[in-house]
Amino acid sequence: DPAPSDDWAQARQSVLDYAEAEHRLIDDLRRRVTETLEDWRQRGLRVAVYGAGIHTAQLATLVNLSGNACCLLDGDPKKQGQEYLGLPVLTPQKLADGDIDAVLISSNRFIDEIARTVREFGGPKVELRTCYE
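Residues numbered from 1 in each chain as written. Predicted model: local features only at pLDDT ≥ 70, side-chain atom pairs only at ≥ 80, totals over all residues. Heavy atoms only, no water.

Q: Can you help me understand the overall build of the protein chain in this one?
A: Tallying secondary structure elements over the protein chain gives 3 helices and 6 strands in all. Going from N to C terminus, the protein chain has its helices and strands arranged as α-β-α-β-β-β-β-α-β. At 18 Å, the protein chain has a C-alpha radius of gyration far larger than the 14 Å of a compact globule built from 133 residues. Counting only C-alpha atoms and orienting by the principal axes, one finds that the protein chain spans roughly 60 × 30 × 25 Å. Buried positions account for 32% of the 133 residues belonging to the protein chain. Look at the contacts in the protein chain between residues 6 or more apart in sequence, and 61% of them connect residues 24 or more apart. Entry remark: accessible area of the protein chain is about 8500 Å², with carbon and sulfur atoms responsible for 50%. Charge centroids of the protein chain, computed over 16 positive and 22 negative side chains, lie 5 Å from each other. (Helix = DSSP H or I, 4+ residues; strand = E, 2+ residues; numbered from the N terminus. Rg over C-alpha atoms; globule rule 2.2 N^0.38 Å. Buried < 20%, exposed > 50% of the residue type's maximum accessible area, 1.4 Å probe, protein only. Contact = heavy atoms within 4.5 Å. Areas by Shrake-Rupley, 256 points an atom, 1.4 Å probe, with all protein chains shown as cover. Lys, Arg positive; Asp, Glu negative; His and termini not counted. Charge placed at Lys NZ, Arg CZ, Asp CG, Glu CD.)

Q: I would appreciate a short explanation of helix H3 (residues 111-122) in the present structure.
A: Since one α-helical turn is 3.6 residues long, residues separated by three or four positions face the same way. Under the 1.5 Å per step criterion, the end-to-end length of H3 is 16 Å for 12 residues, consistent within 8% with the ideal 16 Å. If you check which residues of H3 are buried, you get Ile114, Ala115, Thr117, Val118 and Gly122. Buried residues of H3, seen end-on, are gathered within an arc of 160° and therefore sit on one face of the element. Exposed residues on H3 whose side chains face more than 90 degrees from its buried face are Asp112, Arg116 and Glu120. Positive backbone phi, at 75°, marks glycine 123, one or two positions downstream of H3. (Expected span 1.5 Å × (residues − 1). Arc of directions from axis to C-beta.)

Q: Before we go on, may I ask you to explain the pairing of strand S4 (residues 87-90) in this structure?
A: Within a regular beta strand, the side chains point alternately toward one face of the sheet and then the other, so they alternate between its two faces. As defined by bridge partners, strand S2 (residues 71-73) adjoins S4 across 2 bridges and the pair is classed as parallel. Opposite leucine 72, over in S4, you have valine 89 as the bridge partner. With 2 bridges joining them, strand S3 (residues 83-84) and S4 adopt antiparallel strand pairing. Its bridge partner being in S4, tyrosine 84 is matched across the sheet by leucine 87. Linking two consecutive strands that pair antiparallel, namely S3 and S4, is a turn of 2 residues; a positive phi of about 55° is found at leucine 85 within it. (Pairing = 2+ DSSP bridges.)

Q: Whenever I open this one, the sheet that holds strand S6 (residues 127-130) confuses me. Can you help?
A: Two pairing modes exist for strands in a sheet, parallel and antiparallel, and in both the strands are linked by backbone hydrogen bonds. One open sheet holds the 6 strands; their spatial order is S3-S4-S2-S1-S5-S6, and the pairing between them is mixed. Each edge of the sheet is formed by a strand with only one pairing partner; in this case those strands are S3 and S6. Direction of pairing for strand S1 (residues 47-50) relative to strand S5 (residues 102-105): parallel, over a ladder of 4 bridges. Bridge pairing links alanine 48 to valine 103 in S5.

Q: What am I meant to see in the environment of proline 92 here?
A: Looking at where proline 92 falls in the secondary structure, it is placed in the loop between S4 and S5. Assessed through its relative accessible area of 4%, proline 92 is described here as buried. Taking the C-alpha atoms as reference points, proline 92 and glutamine 80, 12 residues apart in sequence, are found 9.4 Å from one another. With near-sequence residues (within four places) excluded, proline 92 lies in contact with Tyr50, Leu73, Asp74, Gly75, Gln80, Thr117 and Phe121.

Below, the structure is given as structure tokens:
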């Protein structure tokens, strides 16, 4: 742990640097997800967002998820069959029906596990993107 400092100018600069880095992260996330959704929309793909939780709620404040996705997918049985952010929450097994062309993983945790689930039920034809790459 770093020792406390009485250098207020350095402390102020550290806070400003942190805030700027956070703004860059958010701007990059917004840009990346918007470009992905726009590409999928232009190609007429049916899109699902994987994750019916806080990350998706926060993401929805940055980009138009409900206008670009037909549903949310989530592995939590308590969420399935509900509506979240105006979209139905479905089980990932619904990918096997072949009605979903692309999935955006809205999570910063368990990404590999979620991707395996998408591949297991959706197969290789389903396009898959994450918010962070």
